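Chains, contacts and geometry: an overview
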Amino acid sequence: MKTIRWGILGAGRIARKFASDLKLVEGAELIAVGSRSKASAEDFSKDFPVKYTHDSYQELAGNAEVDVIYIATPHNLHYENTLLCINNGKAVLCEKPFAMNARQAELMMSLAKEKKVFLMEALWTKFHPHFLKMQEMIGQGLLGEIRSVLINFGFKPTPPVPLRLFDPELGGGTVMDIGIYNVFMAMSILGMPDHVDAVMTPASTGVDEQCAILFRYHNGAMAQLFSTFSSNLATEADICGSEGRIRLTSRFYEPSSTIEFYKERADSVEVIPVHKEPGFGYQYEARHVNDCLRIGLTESPVIPFADTLLLMQTLDKIRAIAGIGYAADDAK
Ligand SMILES: NC(=O)C1=CN([C@@H]2O[C@H](COP(=O)(O)OP(=O)(O)OC[C@H]3O[C@@H](n4cnc5c(N)ncnc54)[C@H](OP(=O)(O)O)[C@@H]3O)[C@@H](O)[C@H]2O)C=CC1
Ligand SMILES: O=C1CO[C@H](CO)[C@@H](O)[C@@H]1O
């Protein structure tokens with residue numbers, strides 16, 4: 001099996017979790033990290049020893065030994081960091097949100113196509129066993145016709161509060177950081193909404209501190225999606241149909257070892273076990289990237305460009321309706 005040599009761009013919190021899970025991926029080797037500073041790169045390599053510690057993203061992108069780069073910087077940088085890597089011929093796995101808006105996403109995709117390099121949005125949930133099991137159950141018709149999807153994602157950041165959550169320059173706000181999972185989940189189940197409503201409460205910095213989104217569909221189905229940084233909500237999803245209901249509990253976007261299925265009455269639960277590997281859950285997407293690279297794909301069949309673009313376009317629409325804007329939206 002050909003070893004795929006990984007580099008990580010941006011040595012923050014998620015970079016560490018990803019690096020830890022990469023150890024669970026057969027045929028993957030983390031060989032390099034790129035940081036804005038030498039101190040940050042060296043700090044990272046104390047926990048995750050790598051062959052190369054680069055003190056610039058440019059140097060990492062230019063490392064001839066690296067096959068693929070995982071981009072783990074704040075939202076506002078995904079666009080320029082991805083372009084840098086692709087221009088250096090590197091395959092890219094880019095954290096969510098893929099970009100600040102659909103315009104940036106399209107430019108990233110068209111450069112990847114032009115340079116014939118692999119590019120994928122790191123929407124890790126799409127690879128998780130409980131998500132796949134949920135899709136299988138829906139596909140088997142166990143829920144009947146799905147009429148309502150209710151999803152909450154909320155947490156109250158504890159000090160030191162990461163700057164990126166509230167800073168508009170870094171793409172702060174709930175919709176782009178956590179609401180995206182609600183939107184992704186609703187669209188995976190019901191597809192593109194026919195009507196979108198959204199309202200938000202601004203934080204003192206102007207970004208959305210919380211946001212309520214309503215999707216309506218021509219057949220009468222609805223999705224109600226709520227995200228907040230003001231309280232620790234039960235971050236759960238209810239998918240309700242004419243024949244039954246699935247409830248994804250305890251942080252629906254992370255791997256779970258159970259799915260709750262309610263066939264008839266609200267209290268008649270069947271707890272369906274799901275195999276969940278040790279680790280945070282980033283190994284599944286990394287394995288997929290390895291597989292794609294080994295057979296020379298430039299686009300993932302699981303997260304194709306079209307899906308990423310639809311998600312970005314829907315986020316654009318939600319933001320326009322709720323009044324959530326960023327500097328990137330002004331660029332022509
Ligand atoms: N899939 C998932 O479950 C998760 C995904 N994410 C996504 O990952 C990305 C990073 O999140 P997270 O790791 O929590 O963020 P952190 O703030 O912990 O780390 C981001 C890193 O980006 C680099 N960076 C470059 N420019 C800046 C800047 N101006 N301000 C701050 N950092 C900068 C820094 O690394 P350095 O100094 O080394 O260059 C920093 O450590 C986000 O886009 C987020 O949406 C986050 C958490 C979970
Ligand atoms: O993707 C994410 C998953 O959850 C985190 C909070 O727990 C978010 O902040 C993050 O960006």
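Small disclaimer: the values here were computed from a predicted structure and weren't measured.

Before going further, it helps to examine unusual backbone geometry. Cis geometry marks the peptide bond from Lys96 to Pro97; its omega dihedral reads -15°. In this fold, Pro97 is placed in the loop between β5 (91-94) and α5 (102-115). Between Pro159 and the following residue, Pro160, the backbone shows a cis peptide bond with an omega angle of -5°. Looking at the secondary structure, you find Pro160 in the loop between β7 (146-154) and α7 (174-190). One non-glycine residue, Lys116, lies in positive phi territory at about 55°. Counting through the fold element by element, Lys116 comes out in the loop between α5 and β6 (119-121).

Right, let's talk about the site of ligand 2 for a bit. Close to ligand 2 lie Lys96, Phe153, Phe155, Arg164, Asp177, Ile178, Tyr181 and Tyr253, which account for all nearby residues. The contact in question runs from an oxygen atom of ligand 2 to an N or O atom on the side chain of Lys96, over 2.8 Å. The contact in question runs from an oxygen atom of ligand 2 to an N or O atom on the side chain of Arg164, over 3.2 Å. Burial of ligand 2 by the surrounding chains reaches 74%, relative to a free accessible area of 290 Å². Using a 2 Å cut-off from the grid points, one finds that ligand 2 occupies the largest pocket. It is α7 that contributes the most residues to the shell around ligand 2, three residues altogether. Broken down by class, the residue content of the shell around ligand 2 amounts to five nonpolar, no polar and three charged.

Summarising the element assignment, Asp238 is placed in strand β11 (residues 237-241). In this structure Asp238 touches Ser148, Val149, Leu150, Arg245, Ile246 and Arg247, once residues within four positions along its chain are discounted. Side chain to side chain, Asp238 and Arg245 meet in a polar contact 2.6 Å long.

Approximately 1,400 Å³ is the volume attributed to the largest pocket. In terms of lining, the largest pocket is formed by 45 residues, of which the most central are Arg13, Ile14, Pro162, Arg164 and Leu165. Considering only residue class, the lining of the largest pocket consists of 22 nonpolar, 12 polar and 11 charged. Residue contributions to the lining of the largest pocket reach at least three from each of two domains, namely domain 1 (4-124 + 281-330) and domain 2 (129-273). Its boundaries defined by the atoms lining it, the second largest pocket holds a volume of some 210 Å³. If you trace the second largest pocket, you find 14 residues lining it, with Lys126, Phe184, Met187, Ser188 and Asp307 closest to the centre. Ranked by the residues each element gives to the lining of the second largest pocket, the list is headed by helix α9 (residues 305-322), at four residues. Here the residues of the lining of the second largest pocket are counted per class, giving seven nonpolar, four polar and three charged. There are two domains that each give the lining of the second largest pocket at least three residues, and those are domain 1 (4-124 + 281-330) and domain 2 (129-273).

A word on the environment of Asn152. Checked against the element boundaries, Asn152 lands in strand β7. Along the chain, Asn152 and Asn182 lie 30 residues apart, while their C-alpha atoms are 7.2 Å from each other. The residues contacting Asn152, other than those within four sequence positions of it, are Asn182, Phe226, Leu233, Ala234, Thr235, Glu236 and Phe252.

A word on the domain arrangement of the protein. The domain architecture assigned to the protein consists of domain 1 (4-124 + 281-330) and domain 2 (129-273). If you average the C-alpha positions of domain 1 and of domain 2, the two centres end up 24 Å apart. Taken together, the contact between domain 1 and domain 2 spans 26 residues of the former and 32 residues of the latter. At the boundary of domain 1 with domain 2, total buried surface from both sides reaches about 2,500 Å², with 74% on carbon and sulfur atoms. Scanning the region where domain 1 abuts domain 2 turns up one salt bridge. Lys96 is the partner of Asp177 in a salt bridge, and the nearest nitrogen-oxygen pair spans 3.4 Å. The tally of links between domain 1 and domain 2 comes to four residue pairs in polar contact (both at pLDDT 80 or more). When residues in the side of domain 1 that touches domain 2 are grouped by element, the largest group, 10 residues, is from α9. Taken together, the residues of the side of domain 1 that touches domain 2 sort by class into 16 nonpolar, five polar and five charged.

Looking at the element boundaries, Thr228 is found in strand β10 (residues 222-228). For Thr228, a relative accessible area of 0% gives the class buried. At 2.9 Å, the side chain of Thr228 and the side chain of Gln210 are in polar contact. Here the side chain of Thr228 touches Ser230 through a polar contact of 2.6 Å, side chain to side chain. Thr228 has contacts with Phe153, Gly154, Phe155, Thr174, Ile178, Glu209, Gln210 and Leu233, leaving out every residue within four places of it along the chain.

Here is what the cut-offs are and how they apply
Residues numbered from 1 in each chain as written. Chains lettered and ligands numbered in written order. Predicted model: local features only at pLDDT ≥ 70, side-chain atom pairs only at ≥ 80, totals over all residues. Heavy atoms only, no water. Helix = DSSP H or I, 4+ residues; strand = E, 2+ residues; numbered from the N terminus. Near = heavy atom within 4 Å. Polar contact = N/O pair within 3.5 Å; in protein donor to acceptor, adjacent residues only side chain to side chain. Areas by Shrake-Rupley, 256 points an atom, 1.4 Å probe, with all protein chains shown as cover. 1 Å grid on protein atoms, 1.4 Å probe; cavity = no way out; pocket = protein on both sides within 12 Å on 5 of 7 lines; lining within 4 Å. Sits in = over half its atoms within 2 Å of the grid points. Nonpolar A, V, L, I, M, F, W, Y, C, P; charged D, E, K, R; others polar. Contact = heavy atoms within 4.5 Å. Points joined across faces, edges and corners; volume = space filled by probe spheres on them. Domains from an automatic or database assignment. Buried area = accessible area lost by both parts, 1.4 Å probe. Salt bridge = Lys/Arg side-chain N within 4 Å of Asp/Glu carboxyl O. Buried < 20%, exposed > 50% of the residue type's maximum accessible area, 1.4 Å probe, protein only.

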